[in-house]
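Geometric and topological summary
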Amino acid sequence: MFRQPLLRGASRSQRPLSTSARNNGYEDTIGNLKIGSHTRVIFQGFTGNIISYPYLVIDFSQATTNAKESIAWGTKIVGGVTPGKNGEHLGLPVLPTVREAMEKLKPDATGIYVAAHQAPKAIEEAIAAEIPLIVAVAEHIPIHDVLRIHSILKTQSRSRLVGANAPGIISAIGKCRIGFQPLPCFKPGRVGIVAKSGTLSYEAVASTTRANLGQSLCIGMGGDVLAGTNFVDALKIFEHDEDTEGIILIGEIGGTAELEAAQWIKEYKKRSANPKPITALIGGVNAAPGRVMGHAGAFTLPGEPDALTKIKCLQDAGVTIVNHPAKFGDAMKTLLRNSGRVSTGATATEAPQRRGMHTMRRVRPNIQAPSQPLSTHQKRSLYIREDLALNLLRERGINAGPYSGQGRKRLLAVAIDRKTLSPCIIASPITDPSNPHAEVKEFAFNYRKGLEPMRIAAIAEHLQLGYSIRDSLPKLIYGLVDLYMKKEAFLLETLFVERLGELKVVGANFTFDDAAFRSTKRQADIHSLRAIEGEDPQEVEAEKDGIVYIKLAGDGNIGTLVNGAGLAMNTVDALADVGGKAANFLDTGGKATSETVKKSFQVILQDDRVKVIFVNIFGGLTLGDMIANGILLAFKELEMRLPVVVRIRGTNEKEGQKIIAKSGLPLHAFDDFEEAAAKAIELANRA
């Protein structure tokens, strides 16, 4: 059971906190997600400013524009907070603290529109003020700040977090938007949507709008490593929501949230006489092994499932899988019709979906969880060379050096347990050297309290250590934990052996949180250890412009240029499903400019394998006309000779399509993804 939404007009002491007797945990805040026309909203960072990072400039004055749009749409924004300020903005009160805003404005929710280095404090202030719903949209919040926030959230039962690194939450029926979703795509209806990816959720929204289904409530889980609200939380809301008749779930590689959702769906279908139909998409089937695919959380830790495993589990739970978000509308129409449910939420008549929308993903058989070698490193964070990692251990008095070839290797790591939203020890006895992650077991611990000594015995038991050597284990574990906490590590993975009565580390794969340096300038000493000379020069160059570019292995001949990490992953996957081979993953970023688009072309053109460039854009914050102007800029300044296929949908799509049509350039423009993909494959194969 979950807490019912707060009722307007009741005092805080009278408002219902839970429908259960327990009423003492974060689980009790799930009901706060049910926003609507009643929801009173404040903005933190209301007046906004411009924040510059080494590789990124973010204009948070967009909070003002966002507020104007949301108010005009119907959102009940009642004021905002800017530290140290009293006054008015947009005719609404501005207060200096969140606590004062809570006392005077009585908000049900807050949207946090501040930069990553300010976001943790803003979130913690909102928790302290007991604001029921906290929506954090900022990217690049340091992971250890997020771990601390989750350790606080677990101790209370008043505030619910959506995000961070999420587009927000929006009720199309209640005209309540807390986030930056593109409003023209939305239409009141009966489909609930929960997604890790913003751009994929916008595509799903547009698809259900075109299918005349509309949306009830859309929850952005976000692409961060640790989400304040996950799939199961959203599913619990949709199960009991009378406005929701069908459910769309959009996941991707990273973590086990999709598997937990699949298990919940199985149980839901058993207890419900007429369960609401569910359709889903999982991105990252063709993700580069060991790489972070744009979103901070889009990677696999040791023992985590790959995309195909997630798809199989959802299918086993009775979920209908599609391979592109444009197919959600027709897929949901079919499911609703077959279930006997009839959507009555959407009122306007829309054009029917384009052809080819019933093609479901073909799943490969014999799915197994991946086993990645120790040398594979994540690029979401700062990776340091193994010799430097071993030096860090020796500085802490830990025996570390090259492997002599003698002794059984065992795995010990400090990482993140995404299920418990806390750090954890990962251990494996490695009885099968060909699959070192097959026997991994996680031992989660409290971020603020640290690892309890009593857990050491269980870890030693799982590692199958002899009693004579177990006294050496605490030194290694606490040395790793100390390094992890003090230097804001992301993953500290070691291989160790028994040697001369003690433990010796003989292999190390260390990554640290790059956001800690980029967003807050912390950990400069660790950041200085980055060895750029060992990285792909094109990827490093792209990074300077805020572009996430990953060159894919193999004989891919289609260059992809996409906005949004989720859509970029799905573009690679959907191309593969129809016989295309992408040469790269490229995410221009959610706030790309015309210059960024030109730079993206420049990076792609350095790959001699590329025979055609496929531009796939669905505008949210990214504007269609801006992308179109960027394409024209690339043709003008880069002397483009390769054919370019362009698909622009979403915000300002008509303006963008008009610019492309009038350009007179050899561009192939399409509305439909499958038609665009077919043309890109044809041109690539012809070349």
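For the structure itself, consult the block above.
Everything numeric here is computed off the predicted structure, so don't read it as measured data. (Residues numbered from 1 in each chain as written. Predicted model: local features only at pLDDT ≥ 70, side-chain atom pairs only at ≥ 80, totals over all residues. Heavy atoms only, no water.)

Next up on the list: the overall build of the chain. Within the chain, the secondary structure is distributed over 20 helices and 28 strands. The buried share of the chain, reckoned over its 687 residues, is 60%. Considering only contacts within the chain whose residues lie at least 6 apart along the sequence, 75% involve residues at least 24 apart. Carbon and sulfur atoms provide 51% of the accessible area of the chain, an area that totals close to 25700 Å². (Helix = DSSP H or I, 4+ residues; strand = E, 2+ residues; numbered from the N terminus. Buried < 20%, exposed > 50% of the residue type's maximum accessible area, 1.4 Å probe, protein only. Contact = heavy atoms within 4.5 Å. Areas by Shrake-Rupley, 256 points an atom, 1.4 Å probe, with all protein chains shown as cover.)

Now for the sheet that holds strand β7 (residues 109-112). With respect to topology, seven strands assemble into an open sheet ordered β5-β6-β4-β1-β7-β8-β9, the strand pairing being mixed. A single partner strand is all that each edge strand has here, and the edge strands are β5 (87-89) and β9 (160-162). Neighbouring strand axes in the sheet, compared pairwise and without regard to direction, differ in orientation by 30° on average. Of the pairings in the sheet, the one linking strand β8 (residues 133-136) to β9 comprises three bridges and is parallel in character. The partner of Val135 across the bridge, within β9, is Val162. (Pairing = 2+ DSSP bridges. Axes fitted to C-alpha atoms, helices over the stretch in contact; angles between N-to-C directions.)

It is worth spelling out the packing of helix α6 (residues 231-240) against helix α7 (residues 257-271) at this point. The interhelical angle for the contact between α6 and α7, taken along N-to-C directions, is 25°, at an axis separation of 9 Å. Classified by the angle between their axes, α6 and α7 sit roughly parallel to one another. The two elements α6 and α7 cross, and the hand of that crossing is right-handed. Of the residues in α7, those touching α6 at Phe231, Val232, Leu235, Lys236 and Glu239 are Ala257, Glu258, Glu260, Ala261, Trp264, Ile265, Tyr268 and Arg271. (Parallel < 35°, antiparallel > 145°, perpendicular 65-115°, else oblique. Left-handed = near helix turned anticlockwise from the far one by under 90°.)

Viewed as axis vectors pointing N to C, α7 and helix α8 (residues 307-316) meet at an angle of 5°, and their least axial separation amounts to 8 Å. Put simply, α7 runs roughly parallel to α8. Contact with α7, carried on its side by Glu258, Leu259, Ala262, Ile265 and Lys266, involves Lys310, Cys313, Leu314 and Asp316 of α8 and no other residues of that element. Class assignment of the residues belonging to the contact of α7 with α8 gives a composition of five nonpolar, no polar and four charged. (Nonpolar A, V, L, I, M, F, W, Y, C, P; charged D, E, K, R; others polar.)

Okay, the sheet that holds strand β10 (residues 168-171) next. The strand order across the open sheet built from seven strands is β11-β10-β13-β12-β14-β15-β16, with neighbouring strands paired in mixed fashion. Only two strands of the sheet have a single neighbouring strand rather than two, namely β11 (176-179) and β16 (320-321). Alignment of strand β12 (residues 188-195) against strand β14 (residues 246-252), held across five bridges, turns out to be parallel. From the neighbouring strand, Ile193 faces β14, where its bridge partner is Ile248. The sheet contacts of helix α5 (residues 198-210) involve β12, β13 (215-220), β14 and β15 (278-283), and relative to β14 the element is tilted by about 155°.

In this structure the tally under the stated criterion is 40 salt bridges. Taking the shortest distance from any N to any O, the salt bridge between Lys487 and Asp525 comes out at 2.7 Å. You can see Lys487 sitting in the loop between α12 (473-486) and β21 (489-499) and its partner Asp525 sitting in helix α14 (residues 524-527), a full 38 residues away along the chain. (Salt bridge = Lys/Arg side-chain N within 4 Å of Asp/Glu carboxyl O.)

This paragraph deals with the environment of Ile459. Within the secondary structure layout, Ile459 lies in helix α11 (residues 455-463). The class for Ile459 is buried, based on a relative accessible area of 0%. Distance from Ile459 to Pro474, taken between C-alpha atoms, is 9.9 Å for residues 15 residues apart in sequence. Discounting chain neighbours no more than four positions away, the residues touching Ile459 are Leu412, Ile425, Ala427, Phe443, Leu451, Leu473 and Ile477.

On to the environment of Asp387, then. Considering the arrangement of structural elements, one finds Asp387 in helix α10 (residues 386-395). C-alpha of Asp387 to C-alpha of Gly401: the two residues are 14 residues apart in sequence and 8.4 Å apart in space. Side-chain polar atoms of Asp387 contact the side chain of Arg385, separated by 3.0 Å. (Polar contact = N/O pair within 3.5 Å; in protein donor to acceptor, adjacent residues only side chain to side chain.)

Here the focus is the packing of aromatic side chains. Counting across every chain of the model gives six aromatic pairs. Taking 5.2 Å as the distance between ring centres and 55° as the angle between the ring planes, the aromatic pair formed by Phe299 and Phe490 counts as tilted. In this pair, Phe299 sits in the loop between β15 and α8 while Phe490 sits in strand β21, placing the two residues 191 residues apart along the sequence. When the ring of Phe510 is compared with that of Phe512, the centres are 6.5 Å apart and the planes differ by 80°; the resulting orientation is edge-to-face. Phe512 sits in the buried class, given a relative accessible area of 1%. (Phe/Tyr/Trp six-rings, centres within 6.5 Å; stacked < 30°, edge-to-face > 60°.)

Let's shift gears to unusual backbone geometry. The omega torsion of the bond from Gly163 to Ala164 falls at 5°, within 30 degrees of zero and hence cis. You can see Ala164 is positioned in the loop between β9 and β10. Positive phi is not limited to glycine here, since Asn165 has a value of about 55°. As for its placement among the helices and strands, Asn165 is situated in the loop between β9 and β10.

For the rest of this paragraph, the subject is α10. If you check which residues of α10 are buried, you get Leu388, Ala389, Leu390, Leu392 and Leu393. Contacts made by the buried residues of α10 are with β17 (382-384), α12, β21, β22 (502-512) and α14. One or two residues past the end of α10 sits Gly397, with phi positive at roughly 75°.

Of all hydrophobic cores here, the largest spans 103 residues; its most connected members are Leu133, Ile169, Ile178 and Leu314. When near neighbours in sequence (up to four residues on either side) are disregarded, Leu314 contacts Leu249, Glu258, Ala262, Ile265, Ala280, Ile282, Val319 and Ile321. Membership of the second largest hydrophobic core comes to 89 residues, among which are Val98, Ala126, Ala427 and Leu483. (Core = buried A, V, L, I, M, F, W, Y, C linked by side-chain atoms within 4.5 Å.)

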